[in-house]
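# A closer look at the structure
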Amino acid sequence: MLVLLPPSETKSDGGDGGPLDLADLSMPQLTETREMLVQALVDLSADPEESSRALGLGTKGADEIERNAKLWVSPTRPALERYTGVLYDALDAGAFTKAQRDKAYRRLSIGSALFGAVRAADPIPAYRLSGGSKLPGFGTVKSVWRNELTDALVAEAGGDLVVDLRSGVYQQLGPVLGAVTATVLTEQPDGTRKVVSHFNKHHKGLLARALVLTRAEPSDIGALARVATKAGLRVEVESPTELVVLT
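Residues numbered from 1 in each chain as written. Predicted model: local features only at pLDDT ≥ 70, side-chain atom pairs only at ≥ 80, totals over all residues. Heavy atoms only, no water.

As recorded in an unreviewed UniProt entry, the chain goes by the name Peroxide stress protein YaaA, listed as coming from Rhodococcus pyridinivorans.

Here's what the structure looks like:
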């Protein structure tokens, strides 16, 4: 089973790892594009005004631009520790035992506008680049990745079940045909259901945690639903490739 998580805009600082070495990352077929994008961000950071515009930063974006300027020299840490926010709080990787962390490293991958996707153990620096960004001279990030990311993810899955919890913009960078997706809906008092961003991220984090901790190896959506239910989530199978999580 391969579980694809979305990245987060917020990222932890620092790290105990050495500078970025693209050869240390999984899916080496993406190395050339990764190198191109990393260098493009480093070069872009030399023009703070253009960086702010391209990356959608406000007046307080100087720290993010500085992060990008130091991409080749700043320390790294496992991707599982780099990304922060609501989903990663719910995943609570900091509470994993060594065995659970090893399982997370085997099962989790994280989408990335800069790296395409990385395994949870891959050592990466802090950076700023969103899936909807458009870099000068490169067009949209989607146009950069669309020709190779899907193939890399399919190869990484190796025929196993793919559970794609990425947000829409990151799914578009590299769609995986046949992957199971999760739709998180909040049920209102009148019985209607709608998407609420906070609960969407939180419950996807809980689902990802359940998929790391389970001893099962789900091979279809039915087995996936059973794992989620056992973990205390309320779910419905909407279709062979869509699981609805209710809050």
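### As for helix α1 (residues 31-44)
Along an α-helix, residues three or four apart share an orientation, since each turn contains 3.6 residues. Taking 1.5 Å of rise per residue, 14 residues should cover 20 Å, and α1 covers 20 Å from first to last C-alpha, within 8% of that figure. Along its buried surface, α1 packs onto α2 (48-55), α3 (62-69), β4 (116-119), β6 (134-135) and α7 (141-145). (Helix = DSSP H or I, 4+ residues; strand = E, 2+ residues; numbered from the N terminus. Expected span 1.5 Å × (residues − 1). Contact = heavy atoms within 4.5 Å.)

### A closer look at α3
All buried positions along α3 are accounted for by E64, I65, R67 and N68. Buried residues in α3, looked at end-on, bunch into an arc of 155 degrees, giving them a common side. In this structure, α3 carries A62 and D63 as exposed residues pointing more than 90 degrees from its buried face. Of the surrounding secondary structure, the elements contacted by the buried residues of α3 are α1 and α2. (Buried < 20%, exposed > 50% of the residue type's maximum accessible area, 1.4 Å probe, protein only. Arc of directions from axis to C-beta.)

### As for the pattern of salt bridges
Counted under the stated rule, the structure contains 15 salt bridges. Across the pair R67 and D13 runs a salt bridge, and its minimum N-O distance is 2.5 Å. Of this pair, R67 sits in helix α3 while D13 sits in the loop between β1 (2-5) and α1, and the two are 54 residues apart along the sequence. On the basis of relative accessible area, R67 is assigned to the buried category, the value being 16%. The salt bridge partner of D164 is R166, with a shortest N-O separation of 2.8 Å. Like D164, the residue R166 is buried in the burial classification. Here the residues in one salt-bridge network are E9, D13, E64, R67 and R128, joined through shared partners. (Salt bridge = Lys/Arg side-chain N within 4 Å of Asp/Glu carboxyl O.)

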